[in-house]
Amino acid sequence: MREIYCEEITKAIAEMCVEANLKLPCGMRECIEGAKDSEESELCRSVLDDIAANIDCAAELGVPICQDTGMAVIFAEIGQDVHINGDFESAVNAGVARGYIDGRLRLSIVGDPLERVNTGDNTPAVIHTRLVSGDKIRLTVAPKGFGSENMSRLKMFTPSATQDDIVNFVAETVSIAGSNPCPPIVVGVGIGGDFEYSALLAKKALCRDLNIRHPEPLYAELERKMLGKINDLGIGSQGFGGTVTALYVNIEKAPTHIAGLPVAVNIGCHVTRHCERVI
């Protein structure tokens with residue numbers, strides 16, 4: 001049994017909250033830059049240049065890429081051979097508070113959804129934990145801005161739905177969103193599970209490496225079809241019209257009930273951030 005002290009978790013989370021807001025995942029900037037090759041609109045190519053320049057300026061100045069530094073979403077895979085010395089969730093929230101305050105990141109969380117009083121430290125975080133084999137903890141910090149989060153949707157299809165029905169629902173979701181989520185966007189799609197789990201799958205899909213297609217050919221092809229359908233909408237970068245509305249689509253799937261086919265769509269802006277660390 002390996003012992004991990006909560007201060008180590010707090011320190012890691014604090015550092016990751018800052019890192020995720022200042023630096024895009026590996027390959028994301030290159031993907032934005034590369035999108036110009038398939039963008040037919042001169043105006044949108046210029047917008048993509050501005051987006052890339054903003055990313056570079058953030059790195060040079062050490063400031064957040066986007067002013068909305070998001071709600072802290074934490075995925076934690078905890079090894080069964082780990083003993084955590086202290087309270088895990090308190091340690092995570094302490095790390096979020098430290099990272100957001102010391103990192104001078106925008107504090108965006110209200111303690112009650114209707115009374116709307118800011119908590120003053122960007123906590124509590126949304127924490128998803130999963131027990132796995134081993135003696136390590138794998139942490140993923142994914143700050144989620146709400147310009148894109150607000151555009152997400154979920155639909156409880158019946159099993160009679162076709163693949164085209166699912167593709168059209170994803171494209172419709174992006175069409176309704178329009179320019180609101182600051183395109184070019186990334187799209188996470190969760191298929192299966194139940195009501196809430198499909199949404200979790202869609203969120204996890206946003207954290208998958210953009211260069212990795214789904215390992216199963218059926219779903220890899222669906223990702224391709226969804227991306228094509230979305231980019232045919234003509235929304236373009238920042239809604240100025242163009243041939244690149246989405247950079248990529250990731251699908252995660254799970255077993256489901258014989259009577260259902262849940263599909264969730266979680267939209268991320270061009271600043272879809274996450275970072276990972278193993279303790």
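Residues numbered from 1 in each chain as written. Predicted model: local features only at pLDDT ≥ 70, side-chain atom pairs only at ≥ 80, totals over all residues. Heavy atoms only, no water.

Enquirer: So what's going on with the packing of helix α1 (residues 6-22) against helix α4 (residues 88-102)? Residues and values would help.
Expert: Packing of α1 against α4 leaves a shortest axis separation of 7 Å and a crossing angle of 40 degrees. On the basis of their axis angle, the class for α1 and α4 is oblique. For the pair α1 and α4, the sense of crossing is right-handed. Of the residues in α4, those touching α1 at C6, E7, I9, T10, K11, I13, A14, C17, V18 and N21 are F88, A91, V92, A94, G95, V96, R98, G99 and Y100. Across the contact of α1 with α4, the residue classes break down as 12 nonpolar, four polar and three charged. (Axes fitted to C-alpha atoms, helices over the stretch in contact; angles between N-to-C directions. Helix = DSSP H or I, 4+ residues; strand = E, 2+ residues; numbered from the N terminus. Parallel < 35°, antiparallel > 145°, perpendicular 65-115°, else oblique. Left-handed = near helix turned anticlockwise from the far one by under 90°. Contact = heavy atoms within 4.5 Å. Nonpolar A, V, L, I, M, F, W, Y, C, P; charged D, E, K, R; others polar.)

Enquirer: Can you lay out the nonpolar core for me, pointing to particular residues and giving the numbers?
Expert: Core analysis: the largest hydrophobic core is formed by 27 residues, its most contacted members being I9, I74, F88 and L139. At the level of secondary structure, the elements contributing two or more residues to this core comprise α1, β2 (71-79), β3 (82-85), α4 and β5 (137-144). Ignoring anything within four residues of it in the chain, the contact list for L139 reads A12, I13, M16, F75, A76, F88, C275, E276, R277 and I279. In this structure, V174, V187, V189 and I191 belong to the second largest nonpolar core, which totals 25 residues. (Core = buried A, V, L, I, M, F, W, Y, C linked by side-chain atoms within 4.5 Å. Buried < 20%, exposed > 50% of the residue type's maximum accessible area, 1.4 Å probe, protein only.)

Enquirer: Residues and numbers for the pattern of salt bridges, please.
Expert: Applying the stated criterion to the full structure yields 21 salt bridges. In this structure, E15 and R277 form a salt bridge, with 2.5 Å as the shortest nitrogen-oxygen distance. Of this pair, E15 sits in helix α1 while R277 is found in strand β10 (residues 275-278), placing the two residues 262 residues apart along the sequence. The exposure class of E15 is partly exposed, given its relative accessible area of 33%. When the shortest N-O distance is used, the salt bridge between K36 and D49 registers 2.6 Å. Note that K36 is positioned in the loop between α2 (28-34) and α3 (42-61) and D49 in helix α3, a separation of 13 residues in sequence. Salt bridges linked by common partners bring R29, E33, K36, D49 and D56 together as one network. (Salt bridge = Lys/Arg side-chain N within 4 Å of Asp/Glu carboxyl O.)

Enquirer: Give me unusual backbone geometry: which residues, what numbers.
Expert: Here the residue pair T123 and P124 is connected by a cis peptide bond, since its omega of 5 degrees sits within 30 degrees of zero. Among the structural elements, P124 can be located in the loop between α4 and β4 (126-132). In this chain, P183 is followed by P184 through a cis amide linkage whose omega measures 15 degrees. With respect to the secondary-structure elements, P184 resides in the loop between α6 (163-177) and β7 (185-193). With phi around 60 degrees, C182 is a residue other than glycine that occupies positive phi space. Secondary-structure assignment places C182 in the loop between α6 and β7.

Enquirer: Give a description of the sheet that holds β2 that names residues and reports values.
Expert: Pairing within the open sheet is mixed, and its four strands lie in the order β4-β2-β5-β10. Edge positions in the sheet fall to β4 and β10, since each of these pairs with one other strand and no more. Here the strands of the sheet are splayed against their neighbours by 15 degrees on average, with no regard to which way each runs. Alignment of β2 against β4, held across seven bridges, turns out to be parallel. (Pairing = 2+ DSSP bridges.)

Enquirer: Give me the lowdown on the packing of aromatic side chains, citing residues and values where you can.
Expert: Scanning all chains against the criterion turns up one aromatic pair. When the ring of F157 is compared with that of F169, the centres are 5.7 Å apart and the planes differ by 85 degrees; the resulting orientation is edge-to-face. One end of the pair, F157, is in strand β6 (residues 153-157); the other, F169, is in helix α6, and 12 residues separate them in sequence. (Phe/Tyr/Trp six-rings, centres within 6.5 Å; stacked < 30°, edge-to-face > 60°.)

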